[in-house]
Amino acid sequence: MSESYYETIVVARQPIFTADQRVWGYELLFRSKTDLSQAVITDADQATLQVIADGFAVATENVPAEARVLINFPRNLLVGDAPYVLPANRAIVEILETVTPEPEILAACGRLKEAGYTLALDDFIGHSGFEPLCALADI
């Protein structure tokens, strides 16, 4: 007898509204299957990879094609090729607040911009020294 094993993942789809209360897009957020109210993340890279690999298609099903989708990216995935598996016309690369504007990050963000991706800063509160990263960010 053959056994099948499936891992349960949960991706929250948080709407982002325009000023006139229309849905502009959605932020996709990794959630633990044991506590849906908050993220329990032990590995940010793995959480993002699960959102990309498993959550993007499911979370965008029945969503208008013009709706944008934001996905959080930690440092390691920004400097790798992970963002490029997502469609640039739909996915927004959201740079986590833990990412610092070091040369490798700035170069990776520059390549993403050249490839047509929109960049957003997650939970940015205006720290000095982040001006080069702010210059690359669209949101």
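Residues numbered from 1 in each chain as written. Predicted model: local features only at pLDDT ≥ 70, side-chain atom pairs only at ≥ 80, totals over all residues. Heavy atoms only, no water.

**Here's the deal with the confidence of the model for the protein**
The line we're drawing: pLDDT measures the predictor's confidence residue by residue and takes values from 0 up to 100. Numbering goes from the N terminus for both helices and strands, where a helix is a DSSP run of H or I of at least four residues and a strand is a run of E of at least two.
On average, residues of the protein score 81 in pLDDT, and 75% of them reach the 70 mark or higher. The least confident element of the protein, judged by mean pLDDT, is helix α1 (residues 44-59) at 68; the most confident is helix α3 (residues 103-114) at 96.

**Topic: the pairing of strand β5 (residues 118-121)**
Test applied: Residue exposure (1.4 Å probe, protein chains only): buried if accessible area is under 20% of the type maximum, exposed if over 50%, otherwise partly exposed. Pairs of strands are assigned from DSSP output, requiring at least two bridges between the strands. With the strands pointing away from the viewer, any crossover whose connection runs clockwise from the first strand over the helix to the second is right-handed.
Here β5 shows a buried face lined by Thr118 and Ala120 and a second buried face lined by Leu119 and Leu121. Direction of pairing for strand β4 (residues 91-95) relative to β5: parallel, over a ladder of four bridges. Each residue of the ladder has a partner; that of Ile92, found in β5, is Thr118. Following the chain from β4 across α3 to the adjacent parallel β5, one finds a crossover that is right-handed.

**Observations concerning the pattern of salt bridges**
For clarity, the threshold we go by: Definition used for salt bridges: Asp or Glu carboxyl oxygen within 4 Å of a side-chain nitrogen of Lys or Arg.
Inspection of every chain in the model, using the stated rule, returns four salt bridges. The residue Glu102 makes a salt bridge to Arg75 at a minimum N-O spacing of 2.7 Å. Residue Glu102 is found in the loop between β4 and α3, and its partner Arg75 is found in helix α2 (residues 75-78); the two are separated by 27 residues along the sequence. Under the relative-accessibility criterion, Arg75 is labelled partly exposed at 26%. Notably, a salt bridge pairs Lys113 with Asp138, separated by 2.5 Å at the nearest N-O pair. Of this pair, Lys113 sits in helix α3 while Asp138 sits in the segment after α4 (131-136), and the two are 25 residues apart along the sequence. With relative accessibility at 29%, the residue Lys113 sits in the partly exposed group. Taking relative accessible area as the criterion, Asp138 reaches 43% and is therefore assigned partly exposed. One salt-bridge network, held together by shared partners, links Arg75, Glu102 and Glu104.

**A short note on the nonpolar core**
Stated precisely, the cut-off is as follows: Residues enter a nonpolar core if they are buried and are Ala, Val, Leu, Ile, Met, Phe, Trp, Tyr or Cys, with the set joined through side-chain atoms within 4.5 Å.
Counting residues in hydrophobic clusters, the biggest one holds 23 residues, and the most contacted among them are Ile71, Phe73, Leu78, Val93, Ile95 and Leu133. For this core, the elements supplying multiple residues, two or more each, are β3 (68-73), α2, β4, α3 and β5.

**Notes on the side chain of Thr118**
What counts is decided by this rule: Nitrogen and oxygen atoms within 3.5 Å of one another constitute a polar contact, given that in protein one can donate a hydrogen and the other can accept it, and given that sequence-neighbouring residues count only through two side-chain atoms.
Relative to the assigned elements, Thr118 resides in strand β5. Thr118 sits in the buried class, given a relative accessible area of 17%. A polar contact of 3.3 Å, which involves the side chain of Thr118, links it to the side chain of Arg68.

**Some words on the packing of aromatic side chains**
Put simply, the rule reads: Only centres within 6.5 Å qualify two rings of Phe, Tyr or Trp (six-membered ring in Trp) as a pair; their planes then separate them into stacked at under 30 degrees, edge-to-face at over 60, and tilted for everything else. Placement of a positive charge over a ring is assigned whenever Lys NZ or Arg CZ falls within 6 Å of the ring centre and within 35 degrees of the normal to the ring plane.
Here the structure, examined in full by the defined rule, presents two aromatic pairs. Arranged with centres 5.7 Å apart and planes meeting at 90°, the rings of Tyr84 and Tyr117 form a pair that is edge-to-face. Here Tyr84 is found in the loop between α2 and β4, whereas its partner Tyr117 is found in the loop between α3 and β5, with 33 residues between them in sequence. Here Tyr84 falls in the partly exposed class, since its relative accessible area comes to 34%. Ring centres 6.0 Å apart and planes at 55° place the aromatic pair Phe124 and Phe130 in the tilted group. Phe130 gets classed as buried once you look at its relative accessible area, which sits at 14%. The ring of Tyr26 carries Arg13 above its face, with NZ or CZ at 4.7 Å from the centroid.

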